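What follows is the residue order along each chain.
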Amino acid sequence: MDDLVLRGADRLAACIRVSALDPRRTALFCDLEGTLLAPKLPDEAAVSARLHDLLGEIRDRVGLLTITSSGSLTATRALLRLDGVTYVTTYGLEEMSSDGTVTSDPLAERYVADVAAMRALAETELADAHLGVIVEDKRVIVALHYETARDPAITRHAIVTRVVESARARGLAVIPGHRVVEIGPPLSHGTGTAIRRLLRANDYRAAWVFGDSLADLAGFRALHDWAEIDRRRGACAVAAVTAETPSPVRDDADALVATAAGVEDVLIRLRRAVAAR
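So, here's what we can say about the structure.

Rules used throughout
Residues numbered from 1 in each chain as written. Predicted model: local features only at pLDDT ≥ 70, side-chain atom pairs only at ≥ 80, totals over all residues. Heavy atoms only, no water. Pairing = 2+ DSSP bridges. Helix = DSSP H or I, 4+ residues; strand = E, 2+ residues; numbered from the N terminus. 1 Å grid on protein atoms, 1.4 Å probe; cavity = no way out; pocket = protein on both sides within 12 Å on 5 of 7 lines; lining within 4 Å. Points joined across faces, edges and corners; volume = space filled by probe spheres on them. Nonpolar A, V, L, I, M, F, W, Y, C, P; charged D, E, K, R; others polar. Buried < 20%, exposed > 50% of the residue type's maximum accessible area, 1.4 Å probe, protein only. Polar contact = N/O pair within 3.5 Å; in protein donor to acceptor, adjacent residues only side chain to side chain. Contact = heavy atoms within 4.5 Å. Disulfide = S-S within 2.5 Å. Phe/Tyr/Trp six-rings, centres within 6.5 Å; stacked < 30°, edge-to-face > 60°. Axes fitted to C-alpha atoms, helices over the stretch in contact; angles between N-to-C directions. Core = buried A, V, L, I, M, F, W, Y, C linked by side-chain atoms within 4.5 Å.

Turning next to the pairing of strand β7 (residues 134-137). Sheet topology places β7 next to strand β8 (residues 142-145); 4 bridges connect them, and they run antiparallel. Each bridged residue has a counterpart across the sheet, and for Asp137 the counterpart in β8 is Val142. With antiparallel pairing between neighbouring strands as the criterion, β7 and β8 make up a hairpin whose turn holds 4 residues, including Arg139 at a positive phi of roughly 70°.

Let us look at the layout of surface pockets. Of the pockets and cavities examined, the largest pocket occupies roughly 630 Å³. Lining the largest pocket are 36 residues, with Glu33, Ser70, Gly71, Lys138 and His145 positioned closest to its centre. Looking at side-chain class alone, the lining of the largest pocket contains 14 nonpolar, 12 polar and 10 charged residues. In this structure, the second largest pocket spans a volume of roughly 450 Å³. Around the second largest pocket, the lining is made up of 22 residues, and of these Tyr91, Ile175, Leu187, His189 and Gly190 lie nearest the centre. Secondary-structure elements contributing two or more residues to the lining of the second largest pocket are β9 (173-177), α6 (191-200) and α7 (217-229). By residue number, the principal contributor to the lining of the second largest pocket is α6, which donates 4 residues. Here the lining of the second largest pocket is composed, by residue class, of 12 nonpolar, 8 polar and 2 charged.

With that settled, the discussion passes to the side chain of Asp254. Counting through the fold element by element, Asp254 comes out in the loop between α8 (247-252) and β13 (255-258). The exposure class of Asp254 is buried, given its relative accessible area of 15%. A distance of 3.4 Å separates a polar atom in the side chain of Asp254 from a polar atom in the side chain of Arg11. Reaching out from Asp254, the side chain makes a polar contact with the side chain of His224 at a distance of 2.9 Å. Leaving out residues up to four positions away in the same chain, Asp254 has contacts with Arg7, Gly8, Arg11, His224, Ala235, Cys236 and Ala237.

Moving on to the environment of Tyr87. Within the element layout of this structure, Tyr87 appears in strand β4 (residues 86-89). Remark: the alpha-carbon pair of Tyr87 and Leu73, spanning 14 residues in sequence, is separated by 7.2 Å. With residues up to four places along the chain from it excluded, the contact list for Tyr87 reads Ile67, Leu73, Thr76, Arg77, Leu80, Leu82, Glu94, Glu95 and Met96. Within the local environment of Tyr87, its side chain forms a polar contact with the backbone oxygen of Leu82, the two atoms lying 2.5 Å apart.

What follows concerns the state of the cysteines. If you walk through the whole model with that rule in mind, you get 0 disulfides. Free cysteine Cys15: the closest other cysteine sulfur is in Cys236, separated by 5.5 Å. Accessibility expressed as a relative area gives 0% for Cys236, which makes it buried.

Let us now look at the packing of aromatic side chains. Overall, the coordinates contain 1 aromatic pair when judged by the stated rule. When the centroid spacing of 5.8 Å and the interplanar angle of 5° are considered together, the rings of Trp208 and Phe210 count as stacked. According to the relative accessible area criterion, Trp208 is buried, its value standing at 0%.

This part covers the sheet that holds strand β2 (residues 26-31). The strand order β1-β13-β12-β11-β2-β3-β4-β5-β6 describes an open sheet built from 9 strands, whose pairing is mixed. The two strands at the open ends of the sheet, each matched to only one other strand, are β1 (5-7) and β6 (102-104). Each adjacent strand pair in this sheet contributes to an overall mean axis angle of 20°, direction not counted. Taken together, the 3 bridges between strand β3 (residues 64-68) and β4 define a ladder with parallel strand orientation. Residue Ile67 lies in a different strand from β4, and its bridge partner there is Tyr87.

Turning our eyes to something else, we now look at the nonpolar core. Grouped together as the largest cluster of nonpolar side chains are 39 residues, with contacts concentrated most on Leu28, Leu36, Leu65, Ile67, Trp208, Phe210 and Leu267. Ranked by residues supplied to this core, first place goes to helix α9 (residues 259-275) with 7 residues. Among residues more than four places away in sequence, those in contact with Leu36 are Cys30, Asp31, Leu51, Leu55, Ile67, Ala260, Val263 and Leu267. Among the nonpolar cores identified, the runner-up in size contains 24 residues, and Ala194, Leu199, Val209 and Ala235 belong to it.

Here's what the structure looks like:
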C-alpha cells in the first residue's frame, strides 16, 4: 500500500485507528466516478466483484456507508448493485437512504429545460469526430466527456467556447472534472450539504470522505468543519489523484493516493481494522 500513498500516511493510520475503536460510530462517504472507479466513459464503467464485496463488508461493519456520484440515482444503483447503503447522486440533487426512501430537490426541476438546451447545443457544436466528445444526458445535468480526445486541450477549448459560455450566460453551474465538463442547476447546496446533514444525524467518532475532483471539495470542507467541533474525532479527506488533479483538491485533502487503486487499498486496510472488532 505504501507505494500508492503519496501523502498523509500518518493521517490515514490515525483515522483507521479511531475507526477501529468503534466501527458503528464510523461514517464513510465515497465518490464513485474517478475515486472508487478509474475515469471511464459512461458505458464503459463497471464495478468489479472484488470492489462490490469489499464495500459490502464495510457496509456491514460501519455506522454509515454513503456513495456519492455525479450520475443519476438509477444509473448509480444499477452500476454498484449494493443495497443497504445511502446514495447521494446527481451532485446531491437525488438521495436514497439505506432503507430505500428516495428524495429529490424540486428546485432542480426549474432548470431542466435550460440543461436540455445545453445538451442540444453540445450535440450540434461538438459533433466533430476529431473532438472526441461524448454527451451524457442525466436530465438535470449534462456531462461532456472527452476522455478519448486526440488533443484534450483543443477539445477543452471547444467545449468552453462553444457550450460553457452559453451555459454561464443562462446562469447554469459548470463543474470541470477529469476530462469531463458537467453543466447543471446553480444550486448552492449539493453533496457537501448532504454530508454535513448526515454527519450531524448521529454521534459519529470517525468519518472519511473520498473524492477526486473539484466537486468533492465541499465534502472535504464539511468533514473538516465536523472534525473541528471535537478534536477527539478522527477525520480523513482522501483524494485519488492523477497528473490532471486540480491543485485545490490536492491542497484540501488530508491524504493523497494514486488513483482508484489507492482508494481500494485504503478501504482494504480499513476493512481489516474494523473486522477485528
